[in-house]
Amino acid sequence: MNPLSITLAATEAPHALALVGAEPAFTSSFAALAAAAAPLVQRLHDTRLPARRPVALVAHPDAPSIITLLALLEHGAPALLLHPRWTTTERAAVLAQAQPALVIEHDHWQVPAADASASADTAPLTAPDTAAIVYTSGSTALPRGVELSTRALVAAAAASAANLGWQADDRWLLCLPFAHVGGLSVITRCLLARRSLALGAPDPATLVATLAATRATLLSLVPTTLARVVDHGAAPPPCLRAVLVGGAAAAPTLLTRARAAGWPILTSYGLSETAAQVATQPYPTSAGSGTSTGCGPALPGVALRIGPDQHIQVAGPTLFTGYFPGSPRAAGWLDTGDLGHLDAAGNLHVHGRADDVIITGGEKVSPAEVEAALTAIPGVAAACVFALPDATWGSLVAAAIITSATAPPSDVALASALAAALAPYKRPRLIADLSLPGLPTLTSGKLDRTACAHAATAAASLRPLAYPPASVANAVTMAAGGAAR
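What counts and how
- Residues numbered from 1 in each chain as written.
- Predicted model: local features only at pLDDT ≥ 70, side-chain atom pairs only at ≥ 80, totals over all residues.
- Heavy atoms only, no water.
- Pairing = 2+ DSSP bridges.
- Helix = DSSP H or I, 4+ residues; strand = E, 2+ residues; numbered from the N terminus.
- Axes fitted to C-alpha atoms, helices over the stretch in contact; angles between N-to-C directions.
- Contact = heavy atoms within 4.5 Å.
- Phe/Tyr/Trp six-rings, centres within 6.5 Å; stacked < 30°, edge-to-face > 60°.
- Buried < 20%, exposed > 50% of the residue type's maximum accessible area, 1.4 Å probe, protein only.
- Lys NZ or Arg CZ within 6 Å of the ring centre and 35° of its normal.
- Right-handed = clockwise from strand over helix to strand, strands pointing away.
- Arc of directions from axis to C-beta.
- 1 Å grid on protein atoms, 1.4 Å probe; cavity = no way out; pocket = protein on both sides within 12 Å on 5 of 7 lines; lining within 4 Å.
- Points joined across faces, edges and corners; volume = space filled by probe spheres on them.
- Nonpolar A, V, L, I, M, F, W, Y, C, P; charged D, E, K, R; others polar.

## Examining the sheet that holds strand β11 (residues 218-221)
Right, on to step 1. Strand order in this open sheet of eight strands is β2-β1-β10-β9-β11-β12-β13-β14, and the pairing throughout is mixed. Looking at which strands have only one partner, the edges of the open sheet turn out to be β2 (26-29) and β14 (276-280). Adjacent strand axes in the sheet meet at a mean angle of 30°, parallel and antiparallel pairs treated alike.
Right, on to step 2. Note: strand β1 (residues 17-21) against strand β10 (residues 196-199), three bridges, orientation parallel. When the bridges of β10 are listed, Leu19 appears paired with Leu197.
Right, on to step 3. In the packing of helix α3 (residues 63-75) onto the sheet, the strands contacted are β1, β2, β9 (171-174) and β10, and the crossing angle to β10 comes to about 145°.

Structure follows, in C-alpha coordinates:
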(Lines give C-alpha, C1' and ligand atoms only; values in the text may rest on other atoms or scores of the structure.)
Protein backbone atom coordinates (compact mmCIF):
# COMPACT_ATOMS: atom_id res chain seq x y z
CA MET A 1 0.00 0.00 0.00
CA ASN A 2 1.08 3.59 -0.61
CA PRO A 3 3.11 4.61 2.50
CA LEU A 4 1.86 8.20 2.09
CA SER A 5 -1.77 7.05 2.39
CA ILE A 6 -3.85 8.89 4.99
CA THR A 7 -6.13 5.83 5.08
CA LEU A 8 -3.20 3.66 6.11
CA ALA A 9 -2.24 6.17 8.81
CA ALA A 10 -5.83 6.20 10.09
CA THR A 11 -5.87 2.40 10.19
CA GLU A 12 -2.62 2.18 12.15
CA ALA A 13 -3.13 5.19 14.47
CA PRO A 14 -6.77 6.28 14.28
CA HIS A 15 -6.84 8.25 17.55
CA ALA A 16 -3.37 9.81 17.35
CA LEU A 17 -3.39 13.58 16.88
CA ALA A 18 -2.59 14.51 13.30
CA LEU A 19 -3.27 18.28 13.20
CA VAL A 20 -2.98 20.76 16.04
CA GLY A 21 -3.81 24.44 15.66
CA ALA A 22 -3.39 27.51 17.82
CA GLU A 23 -5.74 30.15 16.41
CA PRO A 24 -8.50 29.09 16.59
CA ALA A 25 -7.56 26.13 18.74
CA PHE A 26 -8.43 22.80 17.19
CA THR A 27 -7.21 19.23 17.00
CA SER A 28 -7.81 16.49 14.46
CA SER A 29 -6.97 12.79 14.62
CA PHE A 30 -5.69 10.71 11.73
CA ALA A 31 -9.11 9.07 11.51
CA ALA A 32 -10.77 12.48 11.24
CA LEU A 33 -8.30 13.61 8.58
CA ALA A 34 -8.93 10.44 6.57
CA ALA A 35 -12.67 11.06 6.82
CA ALA A 36 -12.22 14.66 5.65
CA ALA A 37 -10.05 13.57 2.72
CA ALA A 38 -12.33 10.71 1.60
CA PRO A 39 -14.90 12.85 -0.29
CA LEU A 40 -12.07 14.63 -2.12
CA VAL A 41 -10.52 11.29 -3.08
CA GLN A 42 -13.90 10.18 -4.47
CA ARG A 43 -14.26 13.46 -6.36
CA LEU A 44 -10.84 12.93 -7.92
CA HIS A 45 -11.89 9.42 -8.99
CA ASP A 46 -15.12 10.80 -10.46
CA THR A 47 -13.18 13.45 -12.39
CA ARG A 48 -11.43 10.65 -14.30
CA LEU A 49 -8.06 12.32 -14.31
CA PRO A 50 -5.68 11.36 -17.13
CA ALA A 51 -2.90 9.09 -15.88
CA ARG A 52 0.38 10.84 -14.98
CA ARG A 53 -1.06 14.32 -15.58
CA PRO A 54 -0.41 16.52 -12.53
CA VAL A 55 -3.06 18.27 -10.47
CA ALA A 56 -2.09 21.81 -9.49
CA LEU A 57 -2.76 22.73 -5.86
CA VAL A 58 -2.36 26.25 -4.50
CA ALA A 59 -0.56 25.33 -1.29
CA HIS A 60 -2.00 27.61 1.36
CA PRO A 61 -0.63 26.88 4.86
CA ASP A 62 -4.03 25.84 6.23
CA ALA A 63 -5.95 22.69 7.08
CA PRO A 64 -8.16 22.60 3.93
CA SER A 65 -5.12 22.75 1.61
CA ILE A 66 -3.27 20.09 3.61
CA ILE A 67 -6.34 17.81 3.48
CA THR A 68 -6.47 18.28 -0.30
CA LEU A 69 -2.78 17.36 -0.52
CA LEU A 70 -3.48 14.20 1.50
CA ALA A 71 -6.34 13.37 -0.88
CA LEU A 72 -4.02 13.73 -3.89
CA LEU A 73 -1.42 11.49 -2.25
CA GLU A 74 -4.13 8.94 -1.44
CA HIS A 75 -5.50 9.00 -4.98
CA GLY A 76 -2.02 8.84 -6.54
CA ALA A 77 -2.39 12.01 -8.62
CA PRO A 78 0.90 13.95 -8.82
CA ALA A 79 0.47 17.14 -6.79
CA LEU A 80 1.94 20.16 -8.57
CA LEU A 81 2.35 22.69 -5.77
CA LEU A 82 1.80 26.37 -6.53
CA HIS A 83 3.01 29.01 -4.09
CA PRO A 84 0.08 31.13 -2.82
CA ARG A 85 2.24 34.27 -2.95
CA TRP A 86 2.98 33.96 -6.66
CA THR A 87 1.55 36.71 -8.84
CA THR A 88 -1.06 35.95 -11.47
CA THR A 89 1.66 36.22 -14.11
CA GLU A 90 3.99 33.80 -12.29
CA ARG A 91 1.21 31.29 -11.75
CA ALA A 92 0.04 31.53 -15.37
CA ALA A 93 3.57 30.88 -16.67
CA VAL A 94 3.90 27.67 -14.64
CA LEU A 95 0.41 26.46 -15.59
CA ALA A 96 1.08 27.09 -19.28
CA GLN A 97 4.24 25.01 -19.08
CA ALA A 98 2.85 22.21 -16.91
CA GLN A 99 -0.65 21.87 -18.42
CA PRO A 100 -2.17 20.27 -15.31
CA ALA A 101 -5.37 18.30 -15.62
CA LEU A 102 -6.94 20.27 -12.79
CA VAL A 103 -6.24 23.35 -10.66
CA ILE A 104 -7.45 23.38 -7.05
CA GLU A 105 -7.53 26.31 -4.66
CA HIS A 106 -9.54 25.55 -1.54
CA ASP A 107 -13.09 24.67 -2.73
CA HIS A 108 -12.53 25.93 -6.26
CA TRP A 109 -11.73 23.13 -8.71
CA GLN A 110 -11.12 24.19 -12.29
CA VAL A 111 -10.10 22.46 -15.51
CA PRO A 112 -7.71 24.95 -17.14
CA ALA A 113 -8.92 26.50 -20.38
CA ALA A 114 -5.73 25.39 -22.13
CA ASP A 115 -6.70 21.78 -21.41
CA ALA A 116 -9.31 21.87 -24.18
CA SER A 117 -6.61 22.02 -26.85
CA ALA A 118 -4.23 19.62 -25.10
CA SER A 119 -4.15 15.96 -25.96
CA ALA A 120 -2.63 12.88 -24.42
CA ASP A 121 0.09 13.17 -27.05
CA THR A 122 1.07 16.77 -26.34
CA ALA A 123 0.45 17.34 -22.62
CA PRO A 124 3.55 16.73 -20.48
CA LEU A 125 3.47 13.64 -18.29
CA THR A 126 5.14 12.96 -14.97
CA ALA A 127 7.25 9.94 -14.13
CA PRO A 128 5.18 6.91 -13.01
CA ASP A 129 5.97 7.22 -9.27
CA THR A 130 5.79 11.02 -8.93
CA ALA A 131 4.03 12.07 -5.74
CA ALA A 132 4.68 15.82 -5.86
CA ILE A 133 6.25 18.52 -7.97
CA VAL A 134 7.88 21.45 -6.17
CA TYR A 135 9.37 24.48 -7.85
CA THR A 136 12.82 25.94 -7.43
CA SER A 137 13.13 29.60 -6.50
CA GLY A 138 13.41 30.93 -10.04
CA SER A 139 15.49 33.99 -9.13
CA THR A 140 16.65 34.58 -12.71
CA ALA A 141 14.22 32.59 -14.91
CA LEU A 142 11.06 30.51 -14.88
CA PRO A 143 11.14 28.16 -11.88
CA ARG A 144 11.88 24.52 -12.60
CA GLY A 145 9.53 21.81 -11.44
CA VAL A 146 11.28 19.11 -9.40
CA GLU A 147 9.57 15.70 -9.51
CA LEU A 148 9.73 13.87 -6.20
CA SER A 149 8.72 10.24 -6.01
CA THR A 150 7.02 8.53 -3.10
CA ARG A 151 10.25 6.56 -2.67
CA ALA A 152 12.34 9.73 -2.37
CA LEU A 153 9.98 11.35 0.16
CA VAL A 154 9.90 8.21 2.28
CA ALA A 155 13.70 7.85 2.16
CA ALA A 156 14.16 11.52 3.08
CA ALA A 157 11.83 11.15 6.07
CA ALA A 158 13.75 8.08 7.24
CA ALA A 159 17.08 9.92 6.93
CA SER A 160 15.78 12.81 9.02
CA ALA A 161 14.34 10.46 11.64
CA ALA A 162 17.66 8.62 11.91
CA ASN A 163 19.18 11.87 13.19
CA LEU A 164 16.37 13.54 15.13
CA GLY A 165 14.44 10.45 16.21
CA TRP A 166 10.79 10.64 17.17
CA GLN A 167 9.46 11.15 20.68
CA ALA A 168 5.95 10.21 21.74
CA ASP A 169 4.81 13.83 22.15
CA ASP A 170 6.51 15.29 19.06
CA ARG A 171 4.70 17.99 17.10
CA TRP A 172 6.31 19.77 14.15
CA LEU A 173 5.22 23.36 13.56
CA LEU A 174 4.71 24.10 9.87
CA CYS A 175 6.35 27.50 9.39
CA LEU A 176 7.58 27.02 5.82
CA PRO A 177 5.34 27.17 2.75
CA PHE A 178 4.62 23.61 1.65
CA ALA A 179 4.91 24.69 -1.97
CA HIS A 180 8.62 24.34 -1.21
CA VAL A 181 10.28 21.09 -0.21
CA GLY A 182 11.07 22.31 3.30
CA GLY A 183 7.38 22.63 4.15
CA LEU A 184 6.26 19.59 2.16
CA SER A 185 8.78 17.40 3.94
CA VAL A 186 7.45 18.46 7.35
CA ILE A 187 4.01 17.19 6.29
CA THR A 188 5.29 13.89 4.90
CA ARG A 189 7.55 13.24 7.91
CA CYS A 190 4.66 13.69 10.34
CA LEU A 191 2.34 11.56 8.19
CA LEU A 192 4.82 8.70 7.98
CA ALA A 193 5.68 8.86 11.69
CA ARG A 194 2.03 9.21 12.81
CA ARG A 195 2.95 12.39 14.64
CA SER A 196 1.23 15.76 14.90
CA LEU A 197 1.57 18.60 12.43
CA ALA A 198 1.14 21.94 14.18
CA LEU A 199 -0.26 24.91 12.26
CA GLY A 200 0.34 28.55 13.04
CA ALA A 201 1.36 31.85 11.49
CA PRO A 202 5.15 32.17 11.01
CA ASP A 203 5.07 35.83 12.06
CA PRO A 204 8.12 36.34 14.33
CA ALA A 205 6.09 38.35 16.83
CA THR A 206 3.67 35.47 17.42
CA LEU A 207 5.90 32.46 16.67
CA VAL A 208 6.90 31.79 20.27
CA ALA A 209 3.28 32.05 21.42
CA THR A 210 2.25 29.65 18.65
CA LEU A 211 4.96 27.19 19.66
CA ALA A 212 3.72 27.28 23.24
CA ALA A 213 0.03 27.07 22.31
CA THR A 214 0.53 24.06 20.05
CA ARG A 215 3.22 22.54 22.32
CA ALA A 216 5.41 22.08 19.25
CA THR A 217 8.69 20.29 19.84
CA LEU A 218 10.21 20.63 16.36
CA LEU A 219 10.57 23.59 14.04
CA SER A 220 12.10 24.36 10.63
CA LEU A 221 13.12 27.92 9.81
CA VAL A 222 15.01 29.84 7.16
CA PRO A 223 17.70 32.24 8.48
CA THR A 224 15.61 35.32 7.66
CA THR A 225 12.81 34.21 9.97
CA LEU A 226 15.26 33.11 12.67
CA ALA A 227 16.89 36.55 12.60
CA ARG A 228 13.53 38.27 13.10
CA VAL A 229 12.60 35.91 15.93
CA VAL A 230 15.92 36.53 17.70
CA ASP A 231 15.59 40.28 17.15
CA HIS A 232 12.16 40.09 18.76
CA GLY A 233 13.90 38.98 21.92
CA ALA A 234 11.65 36.13 23.02
CA ALA A 235 13.06 32.94 24.49
CA PRO A 236 11.91 29.58 23.12
CA PRO A 237 9.35 27.60 25.16
CA PRO A 238 10.61 24.57 27.11
CA CYS A 239 8.70 22.16 24.84
CA LEU A 240 10.94 22.96 21.84
CA ARG A 241 13.73 20.40 21.43
CA ALA A 242 15.22 21.19 17.98
CA VAL A 243 15.15 23.89 15.33
CA LEU A 244 16.39 23.01 11.85
CA VAL A 245 17.82 26.08 10.10
CA GLY A 246 18.38 25.77 6.37
CA GLY A 247 17.26 26.91 2.95
CA ALA A 248 19.98 29.57 2.80
CA ALA A 249 23.28 30.48 4.43
CA ALA A 250 22.97 31.57 8.05
CA ALA A 251 25.47 34.14 9.29
CA PRO A 252 27.69 32.77 12.09
CA THR A 253 26.82 35.79 14.22
CA LEU A 254 23.10 34.99 13.88
CA LEU A 255 23.65 31.38 14.96
CA THR A 256 25.72 32.52 17.93
CA ARG A 257 23.02 34.97 19.02
CA ALA A 258 20.26 32.39 18.60
CA ARG A 259 22.09 29.73 20.61
CA ALA A 260 22.94 32.24 23.32
CA ALA A 261 19.22 33.03 23.58
CA GLY A 262 18.49 29.34 24.17
CA TRP A 263 17.27 28.27 20.73
CA PRO A 264 18.32 24.61 20.09
CA ILE A 265 19.71 25.22 16.61
CA LEU A 266 20.73 22.48 14.17
CA THR A 267 22.06 23.88 10.91
CA SER A 268 21.07 21.89 7.86
CA TYR A 269 21.80 21.73 4.14
CA GLY A 270 19.42 20.40 1.53
CA LEU A 271 17.68 21.21 -1.73
CA SER A 272 14.50 20.47 -3.64
CA GLU A 273 16.28 17.84 -5.71
CA THR A 274 17.08 15.78 -2.59
CA ALA A 275 13.62 15.96 -0.97
CA ALA A 276 15.04 18.32 1.70
CA GLN A 277 17.93 17.47 4.04
CA VAL A 278 21.30 16.18 2.87
CA ALA A 279 23.40 17.05 5.92
CA THR A 280 22.36 18.17 9.39
CA GLN A 281 24.16 18.76 12.65
CA PRO A 282 23.70 15.73 14.93
CA TYR A 283 20.95 15.63 17.53
CA PRO A 284 20.89 16.14 20.47
CA THR A 285 22.46 19.53 20.78
CA SER A 286 22.77 22.12 23.50
CA ALA A 287 22.09 25.82 23.15
CA GLY A 288 25.79 26.66 22.93
CA SER A 289 27.04 23.79 20.80
CA GLY A 290 27.39 23.17 17.11
CA THR A 291 29.10 26.44 16.23
CA SER A 292 32.05 24.86 14.44
CA THR A 293 30.59 21.87 12.62
CA GLY A 294 29.15 23.57 9.55
CA CYS A 295 26.00 21.80 8.41
CA GLY A 296 27.01 18.53 10.05
CA PRO A 297 27.64 15.20 8.31
CA ALA A 298 25.57 13.53 5.61
CA LEU A 299 22.40 11.95 6.98
CA PRO A 300 22.24 8.14 7.08
CA GLY A 301 21.55 6.71 3.64
CA VAL A 302 22.77 9.85 1.84
CA ALA A 303 26.15 9.88 0.06
CA LEU A 304 28.04 13.16 -0.08
CA ARG A 305 31.28 14.17 -1.76
CA ILE A 306 33.09 17.22 -3.09
CA GLY A 307 33.63 17.07 -6.84
CA PRO A 308 35.69 19.20 -9.21
CA ASP A 309 35.86 22.93 -8.49
CA GLN A 310 34.52 22.36 -4.96
CA HIS A 311 31.02 21.44 -6.19
CA ILE A 312 28.90 19.55 -3.65
CA GLN A 313 27.66 16.24 -5.09
CA VAL A 314 24.96 13.95 -3.68
CA ALA A 315 23.76 10.39 -4.33
CA GLY A 316 21.19 8.12 -2.70
CA PRO A 317 17.51 7.20 -2.62
CA THR A 318 16.31 10.72 -1.74
CA LEU A 319 17.21 12.11 -5.17
CA PHE A 320 14.50 13.51 -7.42
CA THR A 321 13.28 11.77 -10.57
CA GLY A 322 13.81 14.67 -12.95
CA TYR A 323 12.73 18.17 -13.88
CA PHE A 324 9.17 18.63 -15.07
CA PRO A 325 8.29 18.62 -17.83
CA GLY A 326 10.32 16.06 -19.74
CA SER A 327 13.83 16.19 -18.29
CA PRO A 328 14.74 12.95 -16.45
CA ARG A 329 17.66 13.03 -14.05
CA ALA A 330 20.89 11.45 -15.23
CA ALA A 331 21.93 8.39 -13.24
CA GLY A 332 24.72 8.68 -10.68
CA TRP A 333 25.87 11.61 -8.61
CA LEU A 334 23.93 14.88 -8.64
CA ASP A 335 26.01 18.04 -8.97
CA THR A 336 24.11 20.48 -6.77
CA GLY A 337 25.72 23.62 -8.14
CA ASP A 338 26.64 24.60 -4.58
CA LEU A 339 30.21 25.07 -3.40
CA GLY A 340 31.62 23.60 -0.22
CA HIS A 341 34.13 21.39 1.54
CA LEU A 342 34.15 18.48 3.98
CA ASP A 343 36.27 18.84 7.11
CA ALA A 344 38.31 16.06 8.66
CA ALA A 345 35.30 14.87 10.68
CA GLY A 346 33.09 14.65 7.59
CA ASN A 347 31.05 17.77 8.33
CA LEU A 348 29.85 19.76 5.32
CA HIS A 349 30.65 23.46 5.07
CA VAL A 350 28.73 25.31 2.33
CA HIS A 351 30.31 28.30 0.59
CA GLY A 352 27.38 29.36 -1.57
CA ARG A 353 26.07 28.89 -5.08
CA ALA A 354 28.53 28.40 -7.89
CA ASP A 355 26.45 30.68 -10.09
CA ASP A 356 26.52 33.38 -7.40
CA VAL A 357 30.31 33.60 -7.56
CA ILE A 358 31.52 37.03 -8.61
CA ILE A 359 34.52 37.21 -10.92
CA THR A 360 36.33 40.52 -10.55
CA GLY A 361 39.66 41.11 -12.27
CA GLY A 362 39.97 37.35 -12.82
CA GLU A 363 39.54 36.56 -9.10
CA LYS A 364 36.56 34.57 -7.75
CA VAL A 365 34.60 35.96 -4.82
CA SER A 366 31.99 34.08 -2.76
CA PRO A 367 29.17 36.47 -1.76
CA ALA A 368 28.46 34.32 1.31
CA GLU A 369 32.00 34.87 2.62
CA VAL A 370 31.71 38.63 2.20
CA GLU A 371 28.25 38.65 3.81
CA ALA A 372 29.62 36.77 6.82
CA ALA A 373 32.37 39.37 7.19
CA LEU A 374 29.84 42.20 6.99
CA THR A 375 27.40 40.75 9.54
CA ALA A 376 30.29 40.17 11.95
CA ILE A 377 30.71 43.96 12.18
CA PRO A 378 28.86 45.50 15.15
CA GLY A 379 25.83 47.41 13.96
CA VAL A 380 25.30 45.44 10.71
CA ALA A 381 22.09 43.45 11.05
CA ALA A 382 21.97 41.92 7.55
CA ALA A 383 23.92 42.01 4.31
CA CYS A 384 23.53 41.00 0.68
CA VAL A 385 26.47 40.99 -1.74
CA PHE A 386 26.06 41.20 -5.51
CA ALA A 387 28.00 42.10 -8.65
CA LEU A 388 27.81 45.30 -10.67
CA PRO A 389 29.25 45.52 -14.20
CA ASP A 390 32.53 47.41 -14.57
CA ALA A 391 34.47 48.21 -17.73
CA THR A 392 37.87 47.70 -16.09
CA TRP A 393 37.34 44.77 -13.72
CA GLY A 394 34.43 43.03 -15.43
CA SER A 395 32.46 43.15 -12.18
CA LEU A 396 32.70 45.08 -8.95
CA VAL A 397 31.75 43.59 -5.58
CA ALA A 398 28.89 45.62 -4.09
CA ALA A 399 26.79 45.21 -0.96
CA ALA A 400 23.47 46.28 0.49
CA ILE A 401 23.28 46.30 4.27
CA ILE A 402 20.75 46.97 7.00
CA THR A 403 22.27 48.67 10.00
CA SER A 404 21.23 49.22 13.59
CA ALA A 405 19.07 52.30 14.01
CA THR A 406 20.79 53.13 17.30
CA ALA A 407 24.43 52.38 16.52
CA PRO A 408 25.12 52.19 12.77
CA PRO A 409 28.80 51.69 11.92
CA SER A 410 30.66 54.47 10.14
CA ASP A 411 32.22 53.91 6.75
CA VAL A 412 35.62 54.03 8.41
CA ALA A 413 34.59 51.21 10.78
CA LEU A 414 33.16 49.19 7.91
CA ALA A 415 36.26 49.59 5.77
CA SER A 416 38.66 48.85 8.63
CA ALA A 417 36.85 45.66 9.62
CA LEU A 418 36.54 44.42 6.04
CA ALA A 419 40.19 45.20 5.29
CA ALA A 420 41.17 43.09 8.29
CA ALA A 421 38.93 40.18 7.28
CA LEU A 422 39.09 40.02 3.48
CA ALA A 423 41.66 40.07 0.74
CA PRO A 424 41.51 43.28 -1.33
CA TYR A 425 39.70 41.71 -4.30
CA LYS A 426 36.92 40.39 -2.01
CA ARG A 427 36.08 43.72 -0.40
CA PRO A 428 32.91 45.57 -1.45
CA ARG A 429 33.85 48.65 -3.44
CA LEU A 430 30.31 50.06 -3.32
CA ILE A 431 27.91 49.85 -0.40
CA ALA A 432 24.38 50.99 0.35
CA ASP A 433 22.33 51.23 3.55
CA LEU A 434 18.75 50.11 2.89
CA SER A 435 15.99 51.61 5.02
CA LEU A 436 13.99 48.40 5.09
CA PRO A 437 12.83 46.08 7.90
CA GLY A 438 14.64 43.23 6.16
CA LEU A 439 16.46 42.39 2.94
CA PRO A 440 14.35 41.26 -0.04
CA THR A 441 13.93 37.49 -0.20
CA LEU A 442 12.48 34.93 -2.58
CA THR A 443 9.40 32.94 -1.55
CA SER A 444 11.79 30.21 -0.36
CA GLY A 445 13.36 32.62 2.14
CA LYS A 446 16.65 32.89 0.28
CA LEU A 447 18.18 36.29 -0.39
CA ASP A 448 16.93 37.82 -3.62
CA ARG A 449 20.20 39.26 -4.89
CA THR A 450 18.59 40.77 -7.97
CA ALA A 451 16.03 42.63 -5.86
CA CYS A 452 18.71 43.75 -3.41
CA ALA A 453 20.83 45.13 -6.24
CA HIS A 454 17.81 46.89 -7.72
CA ALA A 455 16.84 48.38 -4.34
CA ALA A 456 20.38 49.67 -3.81
CA THR A 457 20.73 51.20 -7.26
CA ALA A 458 17.17 52.52 -7.56
CA ALA A 459 17.56 54.48 -4.35
CA ALA A 460 20.81 55.95 -5.70
CA SER A 461 22.31 55.14 -2.31
CA LEU A 462 25.38 53.18 -3.44
CA ARG A 463 28.54 54.93 -2.36
CA PRO A 464 32.24 54.07 -2.66
CA LEU A 465 33.91 52.52 0.36
CA ALA A 466 37.46 53.76 0.86
CA TYR A 467 39.86 51.27 2.45
CA PRO A 468 42.90 52.05 4.58
CA PRO A 469 46.37 51.58 3.10
CA ALA A 470 47.69 48.03 3.10
CA SER A 471 50.09 48.70 5.96
CA VAL A 472 47.24 49.90 8.18
CA ALA A 473 45.00 46.97 7.24
CA ASN A 474 47.79 44.51 7.99
CA ALA A 475 48.39 46.09 11.37
CA VAL A 476 44.70 45.76 12.22
CA THR A 477 44.74 42.11 11.16
CA MET A 478 47.83 41.30 13.22
CA ALA A 479 46.36 43.05 16.25
CA ALA A 480 43.27 40.84 15.91
CA GLY A 481 45.47 37.75 15.93
CA GLY A 482 45.17 37.00 12.20
CA ALA A 483 47.72 36.73 9.45
CA ALA A 484 48.43 39.64 7.13
CA ARG A 485 47.38 39.13 3.54
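## Side note on the packing of aromatic side chains
Right, on to step 1. Using the criterion set out here, one finds three aromatic pairs in the structure.
Right, on to step 2. When the ring of Trp86 is compared with that of Tyr135, the centres are 5.8 Å apart and the planes differ by 80°; the resulting orientation is edge-to-face. With Trp86 in the loop between β4 (79-82) and α4 (88-98) and Tyr135 in strand β7 (residues 130-135), this pair connects stretches of sequence that are 49 residues apart.
Right, on to step 3. Note on Trp86: relative accessible area 12%, which makes it buried.
Right, on to step 4. The ring of Tyr283 carries Arg241 above its face, with NZ or CZ at 4.9 Å from the centroid.
Right, on to step 5. Above the face of the Tyr467 ring, Arg427 is positioned so that its terminal group lies 5.4 Å from the ring centre.

## Topic: the pairing of strand β13 (residues 265-271)
Right, on to step 1. Most of β13 is tucked away: six of the seven residues are buried.
Right, on to step 2. For strand β12 (residues 242-245) and β13, the ladder comprises three bridges, and the chain directions are parallel. Looking across to β13, one finds that Val243 is bridged to Ile265.
Right, on to step 3. Assessed by its sense of winding, the connection that carries the chain from β12 through helix α9 (residues 252-260) to β13 is right-handed.
Right, on to step 4. Of the pairings in the sheet, the one linking β13 to β14 comprises four bridges and is antiparallel in character.

## Let's talk about helix α11 (residues 411-421)
Right, on to step 1. Of the residues making up α11, those classed as buried are Leu414, Ala415, Leu418 and Ala419. Mapping the buried residues of α11 onto a view down its axis gives an arc of 120°, with all of them on the same face.

## Details of empty space enclosed by the protein
Right, on to step 1. Across all of its chains, the model carries two cavities of 30 Å³ or more by this definition.
Right, on to step 2. Quantified by volume, the largest cavity comes out at close to 70 Å³.
Right, on to step 3. With three residues, helix α6 (residues 181-193) is the largest single contributor of residues to the lining of the largest cavity.
Right, on to step 4. Tallied by class, the residues present in the lining of the largest cavity amount to ten nonpolar, no polar and one charged.
Right, on to step 5. Taken as a whole, the second largest cavity holds about 40 Å³ of empty space.
Right, on to step 6. Forming the boundary of the second largest cavity are Ala157, Ser160, Ala161, Leu164, Gly165, Trp166, Trp172 and Arg189.
Right, on to step 7. Top contributing element to the lining of the second largest cavity by residue count: helix α5 (residues 150-164), with four residues.

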